[in-house]
Amino acid sequence: MKNIQVLKPKFRVDECLSEIKECLDLGWTGMGYKTIEFENQWKTYTGLNNAHFLNSASAGLHLAVKILKEKHGWQDGDEIITTPLTFISTNHSIVYENLKPCFADIDDSLNLNPQSVIKKINKKTKAIIFVGIGGNTKNLTEIISIASENNLAIILDAAHMSGSHINSRHVGFDVDVSVFSFQAVKNLPTADSGMICFNSENDDIKARELSWLGINKDTFSRSAMSTYKWDYNVNQVGYKYHGNSIMAALGIVGLKYLEEDNQYRRDLANRYKKNLKGKVDFIEHDSDQTSRHIFQVVVDYREELIDYLSTHNIFPGVHYRQNTDYGLFNTKSKLPKSKYFSSRILSLPLHLELSFEDIDKVSKTLLQGINSQ
Ligand SMILES: Cc1ncc(COP(=O)(O)O)c(C=O)c1O
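What comes next is a walk through the structure. From a predicted model like this one, the values you see are computed outputs, not experimental measurements.

1. Notes on the overall build of the protein
Logical step 1: Secondary structure assignment for the protein yields 12 helices and 12 strands.
Logical step 2: Considering only C-alpha atoms, the protein reaches an extent of 70 × 55 × 35 Å along its principal axes.
Logical step 3: Split into buried and exposed, the 373 residues of the protein put 55% on the buried side.
Logical step 4: Long-range contacts, defined here as pairs at least 24 residues apart, represent 71% of the contacts in the protein between residues at least 6 apart.
Logical step 5: Accessible surface for the protein amounts to roughly 16800 Å². Of this, 50% is attributable to carbon and sulfur atoms.
Logical step 6: Taking the 43 positively charged and 44 negatively charged side chains of the protein as two groups, their mean positions are separated by 3 Å.

In structure tokens form, the structure reads like this:
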């Protein structure tokens, strides 16, 4: 833990505006131009072979399941093992494609528990979706091995994992596809957008077609304009899922500072840990190379505590309620860890505008709230 506080990173408003101004000056705000620039920069930063910029990670997760289903000939009703403790987009992607989510339990990291995943594998299982909650990489390597040993596809919902590394390598390797979110409150925010990174180039080409209504033509690029032809074919139903240059402009600036911003998030998280250690449980990450998108404590009487904090102008979040409780699934599976954490986890404020003093104030108020119960 550093004693001296690092300089607070800013939101780089002027840089974002000047990147957006370039789009407006050129009259190019749509797909192509900055979207291609951002895709290339993302590939360089992560080392991943393919990257396609989309208007959200939700769109990306849908494309991931759809493309793998078609490629491998999965049948309606086949199963994908998934986590109950996630944002609903993760599991919607399975349902969109008439597949069945098979919920496995999590462990104390809030990520899928490898032993529970193994128990859920059956004849109908085709894939595993792994979510790195808060950017945490815990269990990911083990789950990748389980998928490979059982001939299952693996989809990484990396919505929280921009900048998460395992042994200095960015996440997204050794999986069939990874999907990142750059939604407004993520650690690389662009208002709304996402990146889908397939391992296979053919899958990437397919994603590009499907994300632009099934149109089978290269995405626009300035260099391609001279040879550009306006004829194309549409062989399948696609979606309006691609991203645009305004969102990509924000992404380009955000990516430039991602490492610095993630380090600041880890510094803030370490400050929480120092303040709360031995007084309240919190979710540990398995290394100091994760994005630290979220800092979660585990508390009893969570709803009362949320009320208490909000009366002190502190507004925490919940990531997430177990999806098995939603009317859509209403599953009675026995998932004790998921059930336990679903009613107890609380995400404390963690963003770039906070100082260590702010973290101290939140910690103190949290402990007062707990003690007053
Ligand atoms: C785990 C997880 N998966 C997927 C998504 C969907 O991301 P997006 O809002 O970019 O569609 C989110 C967003 O909150 C998320 O937290």
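2. Concerning the sheet that holds strand S12 (residues 345-348)
Paired through their backbone hydrogen bonds, the strands of a sheet run either parallel or antiparallel.
Logical step 1: Judged by pairing direction, the sheet is antiparallel, and its three strands sit side by side in the order S10-S11-S12 without closing on themselves. Because the sheet does not close on itself, it has two edges, and the strands there are strand S10 (281-282) and S12.
Logical step 2: Here four bridges tie strand S11 (residues 295-298) to S12, and the two strands are oriented antiparallel to one another. Looking across to S12, one finds that Gln296 is bridged to Ser347.
Logical step 3: Packed onto the sheet, helix H9 (residues 258-276) meets S10, S11 and S12 and runs at close to 20° relative to S11.

3. Looking at the packing of aromatic side chains
Logical step 1: Overall, the coordinates contain 14 aromatic pairs when judged by the stated rule.
Logical step 2: An angle of 45° between the planes, with centres 6.0 Å apart, marks the rings of Phe87 and Tyr320 as tilted. With Phe87 in the loop between strand S2 (79-82) and helix H4 (88-96) and Tyr320 in the loop between helix H10 (302-311) and helix H11 (336-342), the pair connects residues that are 233 residues apart, well separated along the chain.
Logical step 3: Their ring planes at 75° and their centres at 5.3 Å tell us that Phe103 and Phe329 sit as a pair that is edge-to-face.

4. Observations regarding the pattern of salt bridges
Logical step 1: Scanning all chains against the criterion turns up 21 salt bridges.
Logical step 2: In this structure, the salt-bridge partner of Lys69 is Asp76, at a minimum N-O distance of 2.5 Å.
Logical step 3: Linking Asp204 and Arg208 is a salt bridge whose minimum nitrogen-to-oxygen distance equals 2.9 Å. Of this pair, Asp204 and Arg208 both sit in helix H7 (residues 201-210), separated by four residues, roughly a single helical turn.
Logical step 4: What makes Asp204 buried here is its relative accessible area of 5%.

5. Digging into the packing of helix H3 (residues 57-72) against H4
Logical step 1: At a minimum axis distance of 8 Å, the contact between H3 and H4 shows a crossing angle of 40°. At the point where H3 passes H4, the crossing takes the right-handed sense. Facing H3, whose interface residues are Ser58, Leu61, His62 and Val65, H4 presents Ser89, Thr90, Ser93, Ile94 and Tyr96.
Logical step 2: Looking at the contact of H3 with H4 residue by residue, the classes come out as four nonpolar, five polar and no charged.

6. Some remarks on the layout of surface pockets
Logical step 1: Of the pockets and cavities examined, the largest pocket occupies roughly 900 Å³.
Logical step 2: Forming the boundary of the largest pocket are 46 residues, of which Ala184, Val185, Lys186, Asn187 and His293 lie nearest the centre.
Logical step 3: Put simply, the parts of the chain that give the lining of the largest pocket at least two residues each are H3, H4, helix H8 (245-256), H9 and S12.
Logical step 4: For the lining of the largest pocket, the per-class residue count stands at 23 nonpolar, 16 polar and seven charged.
Logical step 5: Inspection of the lining of the largest pocket shows a minimum of three residues originating in each of domain 1 (13-256) and domain 2 (259-371).

7. Brief notes about the pairing of strand S7 (residues 169-174)
Along any regular strand, the residues point their side chains to alternate faces of the sheet.
Logical step 1: When strand S6 (residues 165-166) meets S7, the two strands line up antiparallel, connected through two bridges. Opposite His165, over in S7, you have His170 as the bridge partner.
Logical step 2: Following S6, the chain reverses through two residues before pairing antiparallel with S7; Asn167 in that reversal takes a positive phi of roughly 50°.

8. A look at H3
Logical step 1: Over its 16 residues, H3 runs 22 Å from end to end, which matches the ideal 22 Å to within 8%, given 1.5 Å per residue.
Logical step 2: Among the 16 residues that make up H3, 12 are buried, leaving the element largely enclosed by the rest of the structure.
Logical step 3: Those residues of H3 not exposed but buried are Ala57, Ala59, Gly60, Leu61, His62, Leu63, Ala64, Val65, Lys66, Ile67, Leu68 and Lys69.
Logical step 4: For H3, the capping residue at the N-terminal end is Ser56, with a side-chain oxygen 3.4 Å from the backbone nitrogen of Ser58.
Logical step 5: Phi for Gly73, located one or two positions after H3, is positive at around 70°.

9. Some remarks on the sheet that holds S2
Logical step 1: Taking strand neighbours across the sheet as the criterion, the seven strands line up as S1-S9-S8-S5-S4-S2-S3 in an open arrangement whose pairing is mixed. Each edge of the open sheet carries a strand with a single partner, namely strand S1 (52-54) and strand S3 (100-103). Between one strand axis and the next, the sheet turns through 25° on average, direction left out of account.
Logical step 2: Both S2 and S3 contribute to a ladder of four bridges, which runs parallel. Paired with Ile81 across the bridge in S3 is Cys102.
Logical step 3: Here H7 sits on the sheet and contacts S1 and strand S9 (194-198); the angle it forms with S9, its principal contact strand, is near 145°.

Criteria and cut-off values
- Residues numbered from 1 in each chain as written.
- Predicted model: local features only at pLDDT ≥ 70, side-chain atom pairs only at ≥ 80, totals over all residues.
- Heavy atoms only, no water.
- Helix = DSSP H or I, 4+ residues; strand = E, 2+ residues; numbered from the N terminus.
- Buried < 20%, exposed > 50% of the residue type's maximum accessible area, 1.4 Å probe, protein only.
- Contact = heavy atoms within 4.5 Å.
- Areas by Shrake-Rupley, 256 points an atom, 1.4 Å probe, with all protein chains shown as cover.
- Lys, Arg positive; Asp, Glu negative; His and termini not counted.
- Charge placed at Lys NZ, Arg CZ, Asp CG, Glu CD.
- Pairing = 2+ DSSP bridges.
- Axes fitted to C-alpha atoms, helices over the stretch in contact; angles between N-to-C directions.
- Phe/Tyr/Trp six-rings, centres within 6.5 Å; stacked < 30°, edge-to-face > 60°.
- Salt bridge = Lys/Arg side-chain N within 4 Å of Asp/Glu carboxyl O.
- Left-handed = near helix turned anticlockwise from the far one by under 90°.
- Nonpolar A, V, L, I, M, F, W, Y, C, P; charged D, E, K, R; others polar.
- 1 Å grid on protein atoms, 1.4 Å probe; cavity = no way out; pocket = protein on both sides within 12 Å on 5 of 7 lines; lining within 4 Å.
- Points joined across faces, edges and corners; volume = space filled by probe spheres on them.
- Domains from an automatic or database assignment.
- Expected span 1.5 Å × (residues − 1).
- Polar contact = N/O pair within 3.5 Å; in protein donor to acceptor, adjacent residues only side chain to side chain.

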